[in-house]
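# Report on the structure
The lines below spell out each chain.
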Amino acid sequence: MSIQLTSITKTYGVQKAVNAISFSAKKGEIVGFLGPNGAGKSTTMKILTGFIQPTEGAVLVNDIDVITNPIDAQKQIGYLPEHNPLYLEMYVREYLEFQAKIHKVSKSEIENVIDKVGLTAEAHKKINQLSKGYRQRVGIAAAILHNPEVLVLDEPTTGLDPNQLIEIRELIKDLGKDKTVLFSTHIMQEVEAVCDRVIIINKGELIIDKKLSELKENNEQVIKVAFDYKIEEQFLMRLPNVLGIVNNFDNSWTITFSSEEDMRPKLFDFAQEYELKILELNSENKTLESLFTELTSN
Ligand code: ADP
């Protein structure tokens, strides 16, 4: 495994920023690390990259213990922190040369990286002349200069305009082909666009670790239905595959089913059988976005 976190907890005073989080990731995976603000994403990433120590737990990167051997572990990791700290007065190539010296990387490798992240036309410019999207490319270039296997990107697309967003997503996907990428975001669409897998954390706890395809295979169907007649909730329990029933008001109900089959025809049959009339019927299938909101709203 490229990344292995086992029961990581980080406490600040009395507050648990991260509570017993465990996950692993392997080469070639792009893992979206999703959670609302304050969920503990940055804290976990800082622990993974050896910048802060966990209160409890173990972290391995390519089998190297990050806690006891951070210098060696950091050779395997490229890290783009949340606010992409750059020296704005430096020129792009000058900044990357400066970073390369720290990692003892050759000049020819700098040119490869400039090409790889699409900075060739901007490399002679000062960083403060660049758009936010190009500044992110400089940050990503600096993170991959030493050819790390693991890339940790903390909210890399925040604040980008739609075109820049698409370009940076493409770059991340490209880098993910031969690295392990963990990138945090608070936007589900971001994960859908880029990742193979999603880890969702909320209030410091891991609540989901699934392949995106598995999340999409959610068989839950939510149907809102209104009848012409007042009936009891118990009565609706006669429907097959019911997971939950909520009475919205009067004769209007929201029924959740667990089924691969479309339950709308079944509802019509049911109404007919009991001589009810359906006045309104809406299928409200859950999007990943609504699933995320539901999972992290309490
Ligand atoms: P996220 O990146 O998901 O927005 P963070 O990891 O930044 O979340 O923060 C998780 C929680 O830990 C928050 O409640 C935050 O206020 C708290 N926290 C983070 N860093 C510190 C710190 N250095 N000192 C005290 N509390 C912190």
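Here the structure is a predicted model, which means the values were calculated and not measured.

## Overview of the overall build of the protein chain
Within the protein chain, the regular secondary structure consists of 11 helices and 14 strands. Expected size for 298 residues packed as a compact globule is a radius of gyration near 19 Å; at 24 Å, the protein chain overshoots this value by more than 25%. If one aligns the C-alpha atoms of the protein chain with their principal axes, the spans along those axes are about 80 × 45 × 30 Å. Looking at the protein chain as a whole, 45% of its 298 residues qualify as buried. Restricting to contacts in the protein chain with at least 6 residues of sequence separation, those with at least 24 account for 67%. Each charge sign in the protein chain was given a centre, from 33 positive and 43 negative side chains, and these centres are 6 Å apart.

## Some thoughts on the pairing of strand β1 (residues 3-12)
Pairing between β1 and strand β4 (residues 56-61): five bridges, direction antiparallel. The residue bridging Q4 from the neighbouring strand is L60, located in β4. Where β1 and strand β2 (residues 15-25) come together, seven bridges link them in antiparallel fashion. The residue bridging Y12 from the neighbouring strand is Q15, located in β2. Between β1 and β2, which pair antiparallel and follow one another directly, the connecting turn spans two residues, one of which, G13, has a positive phi of 60 degrees.

## Notes on the sheet that holds β1
Here we have four strands laid out as an open sheet, ordered β2-β1-β4-β5, and antiparallel in their pairing. Unpaired on one side and paired on the other, β2 and β5 (64-65) mark the two borders of the sheet. Taken strand by strand, helix α1 (residues 41-48) contacts β1, β2 and β4, and its axis lies near 120 degrees from that of β1.

## Quick notes on the site of the ligand
Neighbouring the ligand are Y12, Q15, A17, P36, N37, G38, A39, G40, K41, S42 and T43. G38 places a polar main-chain atom, nitrogen or oxygen, 2.7 Å from an oxygen atom of the ligand. Take S42: an N or O atom from its main chain is 2.8 Å from an oxygen atom of the ligand. Protein chains bury 62% of the 560 Å² of accessible surface belonging to the ligand in isolation. Breaking the shell around the ligand down by element, the ones donating at least two residues are β2 and α1. Here the shell around the ligand takes three residues from α1, the largest share from any one element. Here the residues of the shell around the ligand are counted per class, giving four nonpolar, six polar and one charged.

Conventions we followed
- Residues numbered from 1 in each chain as written.
- Predicted model: local features only at pLDDT ≥ 70, side-chain atom pairs only at ≥ 80, totals over all residues.
- Heavy atoms only, no water.
- Helix = DSSP H or I, 4+ residues; strand = E, 2+ residues; numbered from the N terminus.
- Rg over C-alpha atoms; globule rule 2.2 N^0.38 Å.
- Buried < 20%, exposed > 50% of the residue type's maximum accessible area, 1.4 Å probe, protein only.
- Contact = heavy atoms within 4.5 Å.
- Lys, Arg positive; Asp, Glu negative; His and termini not counted.
- Charge placed at Lys NZ, Arg CZ, Asp CG, Glu CD.
- Pairing = 2+ DSSP bridges.
- Axes fitted to C-alpha atoms, helices over the stretch in contact; angles between N-to-C directions.
- Near = heavy atom within 4 Å.
- Polar contact = N/O pair within 3.5 Å; in protein donor to acceptor, adjacent residues only side chain to side chain.
- Areas by Shrake-Rupley, 256 points an atom, 1.4 Å probe, with all protein chains shown as cover.
- Nonpolar A, V, L, I, M, F, W, Y, C, P; charged D, E, K, R; others polar.

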